[in-house]
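Take a look at the letters that make up each chain.
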Amino acid sequence: MTTDFAGNQQIIEIVYLIASALFILSLKWMSSPATAQRGVRAGEIGMVLAIAGTLLHHGIVDYKWIVIALVLGTGIGIPLGMVHMTAVPQRTALSHAFGAFCVTLVGTAEFYLRTPDVPRFMMAVLSMEVILGSLTFTGSLMAAGKLQEILPQRPLTYKGQNLVNLSLLAASVAVAAYLVMHPGARQLFPVMIAVPLLFGVLMIVPIGGADMPTVISLLNSYAGLSAAAMGFVLDSKLLIIAGALDGSSGLILSVIMSKAMNRSFTNVLFGAFGQVQPSAVAGQEEKTVRSATADEAAGILAAANKVVIVPGYGMAVAQAQHKVRELYDALTKRGVDVRFAIHPVAGRMPGHMNVLLAEADIPYDRLIEMDDINGDFPQTDVALVIGANDVTNPAARTDTGSPIYGMPILDVDKARTVMVIKRSMSPGFAGIDNPLYYLDKTLMLFGDAKSFVNGIVHELSGHG
Amino acid sequence: MSSALINGLFVFMLAAFIGFEVIRRVSPLLHTPLMSLTNALDAIAVVGAIVLVGEHKSTLSFVFGVLAVIAATSNVVGGFLITDRMLRMFKSSRPTKP
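These figures come from a predicted structure and were not determined experimentally.

1. Things to note about the overall build of chain A
Part 1 of the argument: A count of helical and extended segments in chain A gives 17 helices and seven strands.
Part 2 of the argument: Within the span of chain A, comprising 464 residues, buried residues form 55% of the whole.
Part 3 of the argument: A separation threshold of at least 6 residues defines the contact pool for chain A, and within that pool the share at least 24 residues apart is 78%.
Part 4 of the argument: When the accessible surface of chain A is totalled, it reaches about 18,500 Å², and 62% of it is carbon and sulfur.
Part 5 of the argument: The averaged location of the 34 negative side-chain charges in chain A is 1 Å from the averaged location of its 31 positive side-chain charges.

Structure below.
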């Protein structure tokens, strides 16, 4: 029988090796939309192989509950995979929480099975697994709650917030260090879970909606690293590889997001989000804006050769992406060249705008990244801003006193005419005034994004 | 440190480098599906949970294992499903048919 066991173990290892290769290929094929679906297939095959291989594990005596749990998980997973595209950010945050939940549970179970015979290095990675796991669990639940608007989206800050948070983190590391020296101290283990659970909640409290893309990426990275740590505990190379891939993916995305907001990476890592203070009531002098009706806007758009649409979170909130598609169709039919300028932090998670516009059937080769389209704004007849604010604020280039000074922006102010669809003149989330609105070439289109775009489409088709 | 841990560190280091190189090349267009895909792949943690359930070494490890398998499986199924749905939406304006 022992030879059979050894044989099974070898088969499992080979299956895991194949699964690891498929996971790497899966991410490689994500590099372009043309091969991305093949990437998903590779990942799925790798996953099925790995799960099937695991069932050959010689120590498994109880298959009934494995099947029950797999079926229950599938039952929860299907509705989570079918959510509406506007709900993708909160779904993603929720799945980070589920992943972290799984890792924390397995880490805890492994500790109580092994204590007090846990080698020091093993205890160190196990501590890292459960600390990262539990703070990612509550942090992601909080983020999902804010995105779903169950919790207030407004950042909540208080004096000494960073001190409290850093002390909590230090406390959990101290408990971990004690456990590394004394792995038999099982009564301390719950403390090492409870403190990071609290830290996860407090970490997200000061975060506002505009910081969500960075935070989601960071939680993604934490979830990956905790899974990699679990791979060390279980001596599973497959898990180490998957965790390292997920961890580096989250890290790269957080770096891209923090660069796009001109935050240093350490600023992001230490949870000091949402600390941007609104500038003291800027410019008291009376400033005038020019506004226009849907009729006038339609006339200007129809006369243009090149139009760039700048979508922001406001477009998603107003569910205006399908109307924007109608506008795109109406203008394209008249021979107008329409493209979309996508700022990296537009929306509530990395790539959010692209998915919403793709859902509305706008071809992806019309969606242009910031660095590629900024040079084209001087040759653009009309820049139409829909529900975006801070990412178009020219003060980020010129006003050293502005809280967003240095943040890379879309240079819409260089277009010949700028049109901004906005509910009112009230400043955006960060409370920063936008000088773009007072330019002579800017027309403010006051109203709800969806109904205003609808109005323009109506005028374009009516007088066609 | 045992040789298994040293091996693990080597694997982690290499996988992290591959991850950086591969993911750096992912188009920003696909950052949302990338995140849901890595989320599904990360749920490979389900294999550790399956062993906990199957071995049934203690009540605690069994109960935690069952919960962990449920959580991870929902990520696997939901993650692949939504990634696939999103990618189907990305269409080029250049027709693929000749």
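2. Some points on the environment of Phe 90 of chain B
Part 1 of the argument: Tracing the sequence through the fold places Phe 90 of chain B in the segment after α4 (59-89).
Part 2 of the argument: Taking the relative accessible area as the measure of exposure, Phe 90 of chain B reaches 9% and is therefore buried.
Part 3 of the argument: Residues Phe 90 of chain B and Leu 30 of chain B, spaced 60 residues apart in sequence, show a C-alpha to C-alpha distance of 9.1 Å.
Part 4 of the argument: Setting aside anything within four residues of it in sequence, one finds Phe 90 of chain B in contact with Asn 354, Val 355, Ala 358 and Tyr 364 of chain A together with Leu 29, Leu 30 and Pro 33 of chain B.

3. Section: unusual backbone geometry
Residue and element names in this part refer to chain A.
Part 1 of the argument: Going from Thr 115 to Pro 116, the amide bond is cis rather than trans, its omega being 5 degrees.
Part 2 of the argument: With respect to the helices, strands and loops of the structure, Pro 116 is situated in the loop between α4 (88-114) and α5 (120-147).
Part 3 of the argument: A positive phi angle, close to 65 degrees, is found at Glu 149, a residue other than glycine.
Part 4 of the argument: Mapped onto the secondary structure, Glu 149 falls in the loop between α5 and α6 (161-181).

4. Things to note about the pairing of strand β6 (residues 417-422) of chain A
All names here are of chain A.
Part 1 of the argument: Burial runs high along β6: five of the six residues are buried.
Part 2 of the argument: As paired strands, strand β5 (residues 382-386) and β6 are joined by five bridges and run parallel to one another. Opposite Val 382, over in β6, you have Thr 417 as the bridge partner.
Part 3 of the argument: Inspection of the sheet shows β6 paired to strand β7 (residues 442-446) by five bridges, in the parallel sense. Directly across from Val 418, in β7, lies its bridge partner Thr 442.

5. Things to note about the nonpolar core
Residues and elements named next belong to chain A.
Part 1 of the argument: Among the nonpolar cores identified, the biggest contains 155 residues, and Leu 327, Phe 340 and Ile 456 are the most heavily contacted of them.
Part 2 of the argument: In contact with Ile 456, other than residues within four places in its own chain, are Ala 294, Ala 297, Ala 298, Leu 301, Leu 327 and Leu 445.
Part 3 of the argument: Counting 28 residues, the second-largest nonpolar core is a separate cluster that includes Ile 368, Phe 377, Val 391 and Leu 410.

6. Observations regarding the interface of chain A and chain B
Part 1 of the argument: In this assembly, 102 residues from chain A lie in contact with 83 residues from chain B.
Part 2 of the argument: Between chain A and chain B, a total of about 7,900 Å² is buried, with carbon and sulfur atoms accounting for 78% of that surface.
Part 3 of the argument: Summed over the shared surface of chain A and chain B, the number is two salt bridges.
Part 4 of the argument: Among the salt bridges present, the one from Asp 84 of chain B reaches Arg 41 of chain A, with a minimum N-O distance of 2.8 Å.

7. Here's the deal with the packing of helix α2 (residues 36-54) of chain A against α4 of chain B
Part 1 of the argument: The interhelical angle for the contact between α2 of chain A and α4 of chain B, taken along N-to-C directions, is 165 degrees, at an axis separation of 9 Å. Classified by the angle their axes make, α2 of chain A and α4 of chain B are roughly antiparallel. Here α2 of chain A and α4 of chain B pass one another in a crossing that is left-handed. Of α4 of chain B, the residues touching α2 of chain A (which contributes Ala 36, Gln 37, Val 40, Arg 41, Gly 43, Glu 44 and Met 47 of chain A) are Val 76, Phe 80, Thr 83, Asp 84, Leu 87 and Arg 88 of chain B.
Part 2 of the argument: Looking at the contact of α2 of chain A with α4 of chain B residue by residue, the classes come out as six nonpolar, three polar and four charged.

8. Thoughts on α4 of chain B
Part 1 of the argument: Look at α4 of chain B: 45 Å from first C-alpha to last across 31 residues, which is about the 45 Å you get at 1.5 Å a residue.
Part 2 of the argument: Of all 31 residues making up α4 of chain B, 22 are buried, and the element is well covered by its neighbours.

9. Observations regarding the sheet that holds β7 of chain A
Residues and elements named next belong to chain A.
Part 1 of the argument: The strand order β1-β7-β6-β5-β2-β3-β4 describes an open sheet built from seven strands, whose pairing is parallel. If you trace the sheet from one side to the other, it starts and ends with β1 (290-291) and β4 (367-369), each paired once.
Part 2 of the argument: In terms of strand pairing, strand β2 (residues 306-311) meets β5 through five bridges, oriented parallel. Bridging across to β5, Pro 311 finds its partner in Ile 386.
Part 3 of the argument: Each of β2, β3 (337-342) and β4 touches helix α14 (residues 352-359); the most contacted strand, β3, lies at about 145 degrees to it.

10. Points about the pattern of salt bridges
Residue and element names in this part refer to chain A.
Part 1 of the argument: Scanning the entire structure with this criterion turns up 18 salt bridges over all chains.
Part 2 of the argument: In this structure, Asp 337 engages Arg 339 in a salt bridge whose closest nitrogen and oxygen atoms are separated by 3.8 Å.
Part 3 of the argument: For Asp 337, a relative accessible area of 24% gives the class partly exposed.

11. Describing the environment of Ala 176 of chain A
Residues and elements named next belong to chain A.
Part 1 of the argument: Note on placement: Ala 176 falls in helix α6.
Part 2 of the argument: In this structure, the C-alpha to C-alpha distance between Ala 176 and Phe 189, residues 13 residues apart in sequence, is 8.4 Å.
Part 3 of the argument: Once residues lying within four places of it in the same chain are set aside, the contact partners of Ala 176 are Ser 127, Ile 131 and Met 192.

12. Focus on the confidence of the model for chain B
Residues and elements named next belong to chain B.
Part 1 of the argument: Looking at chain B, the pLDDT average stands at 91 and 94% of residues meet or exceed 70.
Part 2 of the argument: Least confident of the elements in chain B is helix α1 (residues 3-24), whose mean pLDDT is 92; most confident is α4, at 96.
Part 3 of the argument: For this predicted complex, the interface confidence comes out at an ipTM of 0.94, alongside a pTM of 0.90.

13. A look at the side chain of Glu 129 of chain A
Residues and elements named next belong to chain A.
Part 1 of the argument: Structurally, the position occupied by Glu 129 is in helix α5.
Part 2 of the argument: No salt bridge is formed by the buried Glu 129; its nearest oppositely charged neighbour, Arg 114, is found at 8.2 Å.
Part 3 of the argument: Within the structure, the side chain of Glu 129 is placed 3.2 Å from the backbone nitrogen of Gly 107, a separation counted as a polar contact.
Part 4 of the argument: Other than its neighbours up to four places away in sequence, Glu 129 contacts Val 103, Val 106, Gly 107, Ser 226, Ala 229, Met 230 and Val 233.

Reading the values: rules and limits
Residues numbered from 1 in each chain as written. Chains lettered and ligands numbered in written order. Predicted model: local features only at pLDDT ≥ 70, side-chain atom pairs only at ≥ 80, totals over all residues. Heavy atoms only, no water. Helix = DSSP H or I, 4+ residues; strand = E, 2+ residues; numbered from the N terminus. Buried < 20%, exposed > 50% of the residue type's maximum accessible area, 1.4 Å probe, protein only. Contact = heavy atoms within 4.5 Å. Areas by Shrake-Rupley, 256 points an atom, 1.4 Å probe, with all protein chains shown as cover. Lys, Arg positive; Asp, Glu negative; His and termini not counted. Charge placed at Lys NZ, Arg CZ, Asp CG, Glu CD. Pairing = 2+ DSSP bridges. Core = buried A, V, L, I, M, F, W, Y, C linked by side-chain atoms within 4.5 Å. Buried area = accessible area lost by both parts, 1.4 Å probe. Salt bridge = Lys/Arg side-chain N within 4 Å of Asp/Glu carboxyl O. Axes fitted to C-alpha atoms, helices over the stretch in contact; angles between N-to-C directions. Parallel < 35°, antiparallel > 145°, perpendicular 65-115°, else oblique. Left-handed = near helix turned anticlockwise from the far one by under 90°. Nonpolar A, V, L, I, M, F, W, Y, C, P; charged D, E, K, R; others polar. Expected span 1.5 Å × (residues − 1). pLDDT = per-residue confidence, 0-100. Polar contact = N/O pair within 3.5 Å; in protein donor to acceptor, adjacent residues only side chain to side chain.

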